[in-house]
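Chain by chain, the residues run as shown.
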Amino acid sequence: SSALPKSIYSWIGIIMYLPLDDLKARAEVTQRFKGYASLMRSVLNPFLQAQEHWAKIELPENEAEKQEMISRIRARYPVARIKALRNQFDPNNILGNDLLDTLFL
C-alpha cells in the first residue's frame with residue numbers, strides 16, 4: 001500500500017492446475033509455471049515495483065534470483081519489526097518455517 005491516496009494498484013492472479021493422474025504433464029506444468037514466475041520477476045519488479053503476494057511466495061531455484069528476491073522482500077517489509085514481534089510472540093519459532101527463516105532471519 002501507499003500513503004498516496006491516488007496511487008493505482010493491480011492484482012494479477014495465476015492459478016496453476018496440475019493434472020492428478022499424469023506425473024509427466026504435472027512436471028511440465030510446474031516447470032513452465034516456474035519459468036513464467038521467473039519472467040514476471042525480471043520484467044515487473046524493476047519497473048512497477050511488483051511484489052509476490054506474501055502468502056504465495058515460492059523461492060526460485062536459481063541462486064541469483066533467490067538472493068534478489070530475498071533482498072527485495074527485506075527492503076520492502078519492516079524486517080526488524082517482524083523479527084522483534086516474532087521473538088516476542090513466538091520465541092521457539094513454532095509458527096515459523098524454512099521459507100520465513102530464509103526471508104526474514
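Residues numbered from 1 in each chain as written. Predicted model: local features only at pLDDT ≥ 70, side-chain atom pairs only at ≥ 80, totals over all residues. Heavy atoms only, no water.

## Section: the overall build of the chain
Convention followed: Secondary structure elements are defined from DSSP: runs of H or I of at least 4 residues count as helices, runs of E of at least 2 residues count as strands, and each element is numbered from the N terminus. Only protein chains enter the accessibility calculation, which uses a 1.4 Å probe; a residue is then buried when its area is under 20% of its type maximum, exposed when over 50%, and partly exposed in between. Contacts: residue pairs with any heavy atoms within 4.5 Å of one another. Note on areas: these come from Shrake-Rupley sampling with a 1.4 Å probe, and a residue is covered only by the protein chains present in the view. When charges are counted, Lys and Arg are positive and Asp and Glu negative, with His and the chain ends excluded. To locate a charge, take atom NZ for lysine, CZ for arginine, CG for aspartate or CD for glutamate.
Within the chain one finds four helices and zero strands. Reading the helices (α) and strands (β) of the chain from amino to carboxyl end gives α-α-α-α. Principal axes of the C-alpha set define a box for the chain whose edges measure 45 × 40 × 25 Å. In the chain, which comprises 105 residues, the proportion classed as buried is 15%. Put simply, of all contacts in the chain between residues at least 6 apart along the chain, 37% involve residues at least 24 apart. Per element, the accessible surface of the chain, about 8,700 Å² overall, is 60% carbon and sulfur. Here the chain contributes 14 positively and 12 negatively charged side chains, and the mean placements of these two sets differ by 8 Å.

## Some points on the packing of aromatic side chains
Selection rule: Two aromatic rings from Phe, Tyr or Trp, using only the six-membered ring of Trp, form a pair when their centres are within 6.5 Å; if the ring planes differ by under 30 degrees the pair is stacked, by over 60 it is edge-to-face, and anything between is tilted.
What the rule picks out here adds up to one aromatic pair. A centroid spacing of 6.4 Å and a plane angle of 40° characterise the contact between Phe33 and Tyr36, whose relative ring orientation is tilted. Of this pair, Phe33 and Tyr36 both sit in helix α1 (residues 23-48), three residues apart, roughly one helical turn.

## Some points on helix α2 (residues 63-76)
Rules: What a helix is expected to span follows from its residue count: subtract one and scale by 1.5 Å. What the arc covers is the set of directions going from the helix axis to the C-beta atoms. Any pair of nitrogen or oxygen atoms within 3.5 Å is treated as a polar contact; in protein, a donor-acceptor pairing is required on top of that, and neighbouring residues in sequence qualify only through side-chain atoms on both sides.
Between its first and last C-alpha atoms α2 spans 20 Å; for 14 residues at 1.5 Å apiece the expected length is 20 Å, and the two agree. Every buried residue of α2 is listed here: Met69, Ile70, Arg72 and Ile73. Buried residues along α2 cover an arc of 165° about the axis, so they all sit on one side. Counted as exposed and oriented over 90 degrees from the buried face of α2: Ala64 and Ala75. For α2, the N-terminal cap is Asn62; the gap from its side-chain oxygen to the backbone nitrogen of Ala64 is 2.9 Å.

## Focus: the nonpolar core
Stated precisely, the cut-off is as follows: For the purposes of this section, nonpolar cores are sets of buried Ala, Val, Leu, Ile, Met, Phe, Trp, Tyr and Cys residues that join through side-chain atoms within 4.5 Å.
Formed by Ile57, Met69, Ile70, Ile73, Val79, Leu103 and Phe104, the largest nonpolar core amounts to seven residues. Those elements giving two or more residues to this core turn out to be α2 and α4 (98-104). The element that contributes the greatest number of residues to this core is α2, accounting for three residues. The residues contacting Ile70, other than those within four sequence positions of it, are Leu59, Thr102 and Leu103.

## Details of the environment of Glu68
By the secondary structure assignment, Glu68 is in helix α2. Spatially, the C-alpha atom of Glu68 lies 25 Å from that of Leu85, the residues being 17 residues apart in sequence.

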